[in-house]
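Geometric and topological summary
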Amino acid sequence: QVQLVESGGGLVQAGGSLRLSCAASGNIFSINTMAWYRQAPGKQREFVAVITRDGSTNYAGAMKGRFTITRNNTKNTVYLQMNSRKPEDTAVYYCNVQTILSKTYWGQGTQVTVSS
């Protein structure tokens, strides 16, 4: 089992920056990829960014250049730096982990609200 705890959400003005954190605990040695998803009101959950154990990253098209995902394997934590925030970035952001056995775990989500 892997437990995930997100933090760093809140209210930010358009154009501002925010950094989310997600700390993993439990069977951390099984963790392969760490990722962020988000779900806006009335919409389906969508992929934001992913980072592999060796640091390779991939982003959804709309987030490229504005969001940066990083990972600290010593602290078992993944971060999402979000710059140039837009009102349409308002959503609940979820941390996602996949293990080497392809099990998936989700955090409880953290609300991010961008005011115009």
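No experiment lies behind these values; they were computed from the predicted model shown.

**Comments concerning the sheet that holds strand 3 (residues 18-26)**
Judged by pairing direction, the sheet is antiparallel, and its four strands sit side by side in the order 1-3-8-7 without closing on themselves. Two strands close off the open sheet at either side, each with one partner strand: strand 1 (2-7) and strand 7 (67-72). Adjacent strand axes in the sheet meet at a mean angle of 15°, parallel and antiparallel pairs treated alike. Sheet analysis places strand 1 next to strand 3, joined by six bridges and oriented antiparallel. Bridge pairing in strand 3 places Leu 4 opposite Ala 24.

**Here we look at unusual backbone geometry**
Phi is positive for Asn 76, close to 55°, though the residue is something other than glycine. Within the fold, Asn 76 resides in the loop between strand 7 and strand 8 (77-82). Residue Ser 102 is not a glycine yet carries a positive backbone phi of 65°. Within the element layout of this structure, Ser 102 appears in the loop between strand 9 (91-99) and strand 10 (104-106). Note on Ser 102: relative accessible area 58%, which makes it exposed.

**Some words on the nonpolar core**
Membership of the largest hydrophobic core comes to 30 residues, with the highest contact counts inside it found for Trp 36, Leu 80 and Tyr 93. Elements supplying a minimum of two residues to this core: strand 1, strand 3, strand 4 (31-39), strand 5 (46-51), strand 7, strand 8, strand 9 and strand 11 (110-115).

**Considering the pattern of salt bridges**
In total, this model carries four salt bridges according to the counting rule given. A salt bridge links Glu 46 to Arg 38; the shortest N-O distance between them is 2.6 Å. For Glu 46, a relative accessible area of 35% gives the class partly exposed. Judged by relative accessible area, Arg 38 falls into the buried class, the value being 8%. Put simply, Asp 89 and Arg 38 hold a salt bridge, and the shortest N to O gap is 2.9 Å. With Asp 89 in the loop between strand 8 and strand 9 and Arg 38 in strand 4, the pair connects residues that are 51 residues apart, well separated along the chain. Overlapping salt bridges, with partners in common, bring together Arg 38, Glu 46, Arg 66, Arg 85 and Asp 89 in one network.

About the thresholds
Residues numbered from 1 in each chain as written. Predicted model: local features only at pLDDT ≥ 70, side-chain atom pairs only at ≥ 80, totals over all residues. Heavy atoms only, no water. Pairing = 2+ DSSP bridges. Helix = DSSP H or I, 4+ residues; strand = E, 2+ residues; numbered from the N terminus. Axes fitted to C-alpha atoms, helices over the stretch in contact; angles between N-to-C directions. Buried < 20%, exposed > 50% of the residue type's maximum accessible area, 1.4 Å probe, protein only. Core = buried A, V, L, I, M, F, W, Y, C linked by side-chain atoms within 4.5 Å. Salt bridge = Lys/Arg side-chain N within 4 Å of Asp/Glu carboxyl O.

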